[in-house]
Amino acid sequence: MPPHPEPVLTAGGVRAMDADLDRAGLLDLAMEHAGRAVADHARAHFPGARVLLLAGSGANGGDALVAARHLHALGEDARVLALPARHPLTRANRRRLTALGVPTARLSAPALAGALRRADLIIDGLLGTGFVPPLQPALAALTARVNASGLPVLSIDVPTGVNADTAEADDDALRATYTVVLAGLKPTLLFGPAAHHAGTLLHGDLRVPPAFAARHAVATREDDAALAARLPVRFADAHKGTAGRVWVVGGHPGTTGAPLIAGVGALRAGAGLITVHSEADLPLLTPELMLRRHADLTRDLQDQAKPDAVVLGMGLGSRALTVARAALAWDVPTVLDADALQPELTGVTHARTVLTPHPGEAARLLGTDTPAITRDPLGAARALQERYACTVLLKGGPSVVAGPDGLTVVRGGHPGMASGGMGDLLGGVIAALLGQGLSAPDATRAGARLHARAGERAAVTHGYGLSATDVAAELGGAWADLMTARPAEFPVG
Ligand SMILES: NC(=O)C1=CN([C@@H]2O[C@H](COP(=O)(O)OP(=O)(O)OC[C@H]3O[C@@H](n4cnc5c(N)ncnc54)[C@H](OP(=O)(O)O)[C@@H]3O)[C@@H](O)[C@H]2O)[C@@H](O)CC1
Ligand SMILES: Nc1ncnc2c1ncn2[C@@H]1O[C@H](COP(=O)(O)OP(=O)(O)O)[C@@H](O)[C@H]1O
């Protein structure tokens, strides 16, 4: 069976999946496996710990009650503070626990204060994907108390108090050391300040067929082996004319480095012939790049034989929109970046266009503000794809690719990549893959992952002092890593 891409589920997706599991008679079993996975992770990471389990009224609480039963069965010191159970399976699991003689006390501020004094680990099953913000004051007081205790917290599915669907988190949301992820990643575990609450992500296998989650996934995260299968393969008789002719169009006085970095990205991602066109004088820092100075880019490029791919906009300045319009009329695969990312492109882009905005540029393209983008990167990427009818890479840590075939979250990267020029490099990488014949979505997904992987490799040496040039030097190694990656198992717990 081919491996499934890792699913990303919203709260609505989890609800729909649960309804399917319920109809199939598998929901009870799924909760049993969820609770067992939590108990196993708790024992593996905190051997011998005295465990305090906090169980809410919904299914998240049910998972915690199952975990308590497994911990008890294994002879561990497990105590439970619970809210009144509302979910039928949560009620059933409470009865099972009571039948084993495990006391379940009512969760209250005084009970919590006492229990925290004799615990080494908190298991958080208060609120999962069913949480509807805001956190009620009584619950917020409890989560604040747990956060202040300094004890490690292992959250079930999502930390209590984060909205599963967004990158925002209340200050009082629990700060987990680990989160055991059930069924699939949630946006809150991936993006923005909310992701800081999740700690290290652990997999909780629900042991149900992957199709249950896949059917309701809002996005996927592909493994390296799947991406490698899309990378170009050459025959021995390949030559520079068959490896893709790429034009980089950008730069003006003051920002001449940007198109050169893009050119190096294209070179290191396999482009055969790279020409950097600019209205500014560019220094010949990389002799393999052909540099062309133009008096007027729009006019001068008109008459030349068209390349296999174009990347345009980096450091180009206020003329970028005019030049982008002209380039789009050539109808070759085109990456638009930086200054070329303007809302006037609506209706001008074609299907082989790739837009590569960071959140600020995405806000400009959608006529909104940056927080609206960073709050919901998946929604923003989808909105951009629909509006501009092309492939969109919304950059960040992590990035999102929106194509006509759906949303993909790009794995990896490194915080050291937060430095100028990193996006220019990526634009060149994607253009090189387009020039080697990949479709716009494939070039964007594979290019973004190559760039992220190269960043991970370069960070081993350079850490937060990473430069785009350092990352460029690792693109070949990143390519090799992808080609030798084994398919990852996503048992979709
Ligand atoms: N397929 C899967 O992935 C599987 C997932 N599973 C698990 O199911 C979890 C989702 O469970 P769920 O739907 O029962 O919701 P959950 O998060 O427990 O919370 C609901 C309760 O919270 C309450 N509540 C809400 N907002 C609140 C607020 N602001 N402040 C205070 N209270 C608030 C709300 O109260 P009410 O509005 O009803 O008064 C309701 O009672 C999921 O995260 C995973 O752990 C596994 O068991 C099996 C398979
Ligand atoms: N914390 C991070 N984790 C992973 N990747 C990151 C991180 N910060 C930045 N990046 C990557 O670096 C690139 C930055 O792009 P951009 O902001 O356009 O840079 P520039 O305009 O300086 O070239 C993007 O590909 C982004 O995904």
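Keep in mind that this is a model prediction, so the values were computed, not measured.

Visitor: What is the right way to look at the overall build of the protein chain in this model?
Guide: Across its full length, the protein chain holds 20 helices and 18 strands. The C-alpha radius of gyration of the protein chain comes to 25 Å, within 12% of the 23 Å expected for a compact globule of 493 residues. Each principal axis of the C-alpha atoms in the protein chain carries an extent, and together these give about 85 × 45 × 45 Å. Burial status across the protein chain gives 55% buried among its 493 residues. Contacts in the protein chain between residues at least 24 apart in sequence constitute 71% of all its contacts with a sequence separation of at least 6.

Visitor: In this structure, what is going on with the confidence of the model for the protein chain? I would like to understand it.
Guide: Detailed conclusions should not be drawn from predicted coordinates in areas where pLDDT is low. Here the protein chain averages 96 in pLDDT, while 98% of its residues score no lower than 70. Both confidence scores are given for the complex: pTM 0.95, ipTM 0.92.

Visitor: What is the right way to read the site of ligand 1 from this model?
Guide: In the vicinity of ligand 1, 32 residues are found, and the nearest of them are G58, A59, N60, G128 and G130. Where the shell around ligand 1 is concerned, the elements lending two or more residues are α1 (11–23), α2 (27–45) and α3 (59–73). Take the shell around ligand 1: its biggest share by element is five residues, from α3. When its residues are assigned to classes, the shell around ligand 1 shows 17 nonpolar, 11 polar and four charged.

Visitor: What's the story with the sheet that holds strand β5 (residues 121–125) in this structure? I'm lost.
Guide: Across a sheet, strands are paired by hydrogen bonds formed along the backbone, either parallel or antiparallel in direction. Across the sheet, seven strands lie side by side as β4-β3-β2-β5-β6-β7-β8; this open sheet has parallel pairing. Only two strands of the sheet have a single partner each, and these edge strands are β4 (104–106) and β8 (200–204). Direction aside, the axes of adjacent strands within the sheet are offset by 25 degrees on average. Both strand β2 (residues 51–55) and β5 contribute to a ladder of five bridges, which runs parallel. Each residue of the ladder has a partner; that of V51, found in β5, is L121. Contacts from α2 reach β2, β5, β6 (153–156), β7 (178–182) and β8, with the element oriented near 155 degrees to β7.

Visitor: Would you mind showing me how to read the domain arrangement of the protein chain here?
Guide: Accessible area lost on assembly of the parts is the figure often given for the size of an interface. Looking at the assigned domains, one finds that the protein chain contains domain 1 (6–219) and domain 2 (225–484). The C-alpha centroid of domain 2 is placed 40 Å from the C-alpha centroid of domain 1.

Visitor: Would you take a moment to explain unusual backbone geometry for this structure?
Guide: Of the consecutive residues P133 and P134, the connecting peptide bond is found in the cis state with omega at 5 degrees. Mapped onto the elements, P134 comes out in the loop between β5 and α6 (137–149). Between G397 and the following residue, P398, the backbone shows a cis peptide bond with an omega angle of 5 degrees. Phi at D157 is positive, roughly 75 degrees, even though this residue is not glycine.

Visitor: Sorry if this is basic, but what is going on with the UniProt feature "binding site: K(+)" (unreviewed entry) in the protein chain here?
Guide: Here the UniProt-annotated "binding site: K(+)" (unreviewed entry) positions come out as N60, D124 and T160. A maximum C-alpha distance of 9.6 Å places the annotated residues, which cover 101 residues in sequence, within one compact spot. Mapped onto the elements of the fold, D124 is located in strand β5. On the basis of neighbour count, D124 is assigned to the buried category, with 30 C-beta atoms found within 10 Å. Residues in contact with D124, not counting those within four places in the same chain, are L54, V153, L154, S155, I156, P159, T160, L174 and A176. Inspection of the secondary structure puts T160 in the loop between β6 and β7.

Visitor: Would you mind showing me how to read the packing of helix α18 (residues 440–462) against helix α20 (residues 475–483) here?
Guide: To describe two helices that pack against each other, one gives the angle between their axes and the distance between the axes. At a minimum axis distance of 8 Å, the contact between α18 and α20 shows a crossing angle of 110 degrees. With respect to each other, α18 and α20 are oriented roughly perpendicular. Crossing geometry of α18 relative to α20 is assigned as right-handed. Contact residues: R449, L450, R453, A454 and R457 in α18; L475, G477, A478, W479, D481 and L482 in α20. Tallied by class, residues from the contact of α18 with α20 come to six nonpolar, one polar and four charged.

What counts as what
- Throughout, a residue's number is its position along its own chain's written sequence, starting from 1.
- As they are written, the chains are lettered A onward and the ligands numbered 1 onward, keeping that order.
- Residues qualify for local features only when their pLDDT is at least 70, as the model is predicted, and side-chain atom pairs are given and counted only at 80 or more; totals for whole chains, interfaces and linings, by contrast, use all residues.
- Strands here mean DSSP runs of E at least two residues long; helices mean DSSP runs of H or I at least four residues long; both are numbered from the N terminus.
- Here the radius of gyration uses the C-alpha set of atoms, whereas the globule reference equals 2.2 Å times the residue count to the power 0.38.
- The exposure label follows from counting other C-beta atoms within 10 Å of a residue's C-beta, where the C-beta atoms are placed from the backbone and the thresholds are 20 or more for buried and 12 or fewer for exposed, leaving partly exposed in between.
- Working definition of a contact: two residues with C-beta atoms, positioned from the backbone, lying within 7 Å.
- pLDDT: the predictor's confidence for each residue, scored from 0 to 100.
- As a rule, any residue with its backbone-derived C-beta atom within 6 Å of a molecule or strand is reported as near that molecule or strand.
- Side-chain classes are defined by residue name, with Ala, Val, Leu, Ile, Met, Phe, Trp, Tyr, Cys and Pro counting as nonpolar, Asp, Glu, Lys and Arg as charged, and the others, Gly among them, as polar.
- For two strands to be treated as a pair, DSSP must find no fewer than two bridges joining them.
- Under this scheme, a helix contributes an axis fitted over its contacting stretch, all axes are lines through C-alpha atoms, and angles between N-to-C directions fall in the 0 to 180 degree range.
- An automatic or database domain assignment provides the domain bounds reported here.
- UniProt positions are given in the numbering used here, feature names are shortened, and annotations may be inferred rather than shown by experiment.
- Note on angle classes: values under 35 degrees are labelled roughly parallel, values over 145 roughly antiparallel, values of 65 to 115 roughly perpendicular, and the remainder oblique.
- Take the far helix as your reference; a near helix turned counterclockwise from it by less than a right angle gives a left-handed crossing, and one turned clockwise gives a right-handed crossing.

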